[in-house]
Amino acid sequence: MSSNTVESDITPLPTMTIHDFPKGPYPTRVRIALAEKDLQSRVEFVMVDLYKGEHKKAEFIAQKNYSGTLPVLELDDGTCIAECTAITEYLDALDGTPTLTGRTPLEKGVIHMMSKRAELELLDAISVYFHHATPGLGPDVETYQNPEWGYRQRDKALRGMPYFNDVLKQQSFVAGEAFSMADITVIGGLVFAAIVKLPVPAECEALLAWYARMRERPSVRNQPAFA
Ligand SMILES: N[C@@H](CCC(=O)N[C@@H](CS)C(=O)NCC(=O)O)C(=O)O
């Protein structure tokens, strides 16, 4: 080896593939996590067209994600990790400093609880509304719709907004005093709320102020969902 060649003894981390729909609320969660962890350059993004139902094709279900949703993280050895929470936990653990999902048992517990709550009370509820009570991804993809269930979930999400407003009156971030996966999940919820035209009520001042702050973060403001 010549003296001016730099030989690293650090094993390069493998590249990863994200099966993605860039403006989708759930893929946006993983994209924010990647940006927070400075991992974007390690990832190849492969577009899966939700409106063409590519995520419901038998091959995708069999090989990438049984649940037929995006995003999916695929590792070099073929392992596929679906579910934003699971993908974020994986990415966050890679550098041994899990800032997004919690360093201590207490942080982990509270962040997981608040992120799950943001899914249950906001993001997933809006998703059900989108798929059941709006045209959703179109008639070829939305083969079963139950509008009543969709409207119930819309109303649940509308109750979730004041709840997170109350949380954010008490603390700077959704799970306490630091940015975490729980903030990312609420951001996903508000991205989806904008898509389905469910505005955050003006009286939810703390939630709106928090969202304005979140949208100033480079990891958030540079996402295709905000373009
Ligand atoms: N629980 C899943 C939900 C993922 C999800 O619903 N993703 C949307 C993309 S924004 C999707 O694939 N929707 C298509 C469908 O449900 O048909 C997660 O957290 O990753």
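Residues numbered from 1 in each chain as written. Predicted model: local features only at pLDDT ≥ 70, side-chain atom pairs only at ≥ 80, totals over all residues. Heavy atoms only, no water.

What follows concerns the confidence of the model for the protein chain. Counting all residues, the mean pLDDT for the protein chain is 95, and 94% of those residues have values of 70 or more. Note that pLDDT drops below 50 for residues 1–5; the model gives that stretch two contacts with residues more than four away or on any other chain. (pLDDT = per-residue confidence, 0-100. Contact = heavy atoms within 4.5 Å.)

Time to look at the side chain of Glu74. Note that Glu74 resides in strand E3 (residues 72–75). For Glu74, a relative accessible area of 16% corresponds to the buried category. Here the side chain of Glu74 touches His19 through a polar contact of 2.7 Å, side chain to side chain. Contact partners of Glu74, with chain neighbours within four places excluded, come to Met16, Thr17, His19, Lys64, Thr79 and Cys80. (Helix = DSSP H or I, 4+ residues; strand = E, 2+ residues; numbered from the N terminus. Buried < 20%, exposed > 50% of the residue type's maximum accessible area, 1.4 Å probe, protein only. Polar contact = N/O pair within 3.5 Å; in protein donor to acceptor, adjacent residues only side chain to side chain.)

Attention now goes to the pairing of E3. Of the two faces of E3, both are covered, the one formed by Val72 and Glu74 as well as the one formed by Leu73 and Leu75. As paired elements, strand E1 (residues 16–20) and E3 share four bridges and run antiparallel to each other. Paired with His19 across the bridge in E3 is Val72. The sheet contact formed by E3 and strand E4 (residues 80–82) spans three bridges and is antiparallel. (Pairing = 2+ DSSP bridges.)

Here we take up the environment of Ala193. Among the structural elements, Ala193 can be located in helix H6 (residues 181–195). By relative accessible area, Ala193 is classed as buried at 1%. Measuring from C-alpha to C-alpha, the distance between Ala193 and Gly53 comes to 22 Å, with 140 residues separating the pair along the chain. Leave out the neighbours within four places in its chain, and Ala193 touches Ile126, Met161 and Leu198.

A separate point is the state of the cysteines. By the definition in use, this model includes zero disulfides. Sulfur of Cys80: no disulfide; nearest cysteine sulfur belongs to Cys84 and is 15 Å away. For Cys84, a relative accessible area of 4% puts it in the buried group. (Disulfide = S-S within 2.5 Å.)

On inspection of all chains with the given rule, the structure shows eight aromatic pairs. Ring plane angle 50° and centroid distance 6.0 Å describe the contact between Tyr129 and Tyr151, whose orientation is recorded as tilted. With Tyr129 in helix H4 (residues 105–133) and Tyr151 in helix H5 (residues 147–170), this pair connects stretches of sequence that are 22 residues apart. Between Trp210 and Tyr211, the ring centres sit 6.1 Å apart and the planes meet at 20°, which makes this aromatic pair stacked. Considered together, Trp210 and Tyr211 belong to a single accessibility category, that of buried residues. The structure contains a cluster of three or more aromatic residues connected by ring pairs, namely Tyr26, Phe130 and Phe192. Here the guanidinium or amino end of Arg31 rests over the ring plane of Phe45, the centre of that ring lying 4.3 Å away. Its end group placed over the ring of Tyr211, Arg215 keeps NZ or CZ at 5.6 Å from the ring centre. (Phe/Tyr/Trp six-rings, centres within 6.5 Å; stacked < 30°, edge-to-face > 60°. Lys NZ or Arg CZ within 6 Å of the ring centre and 35° of its normal.)

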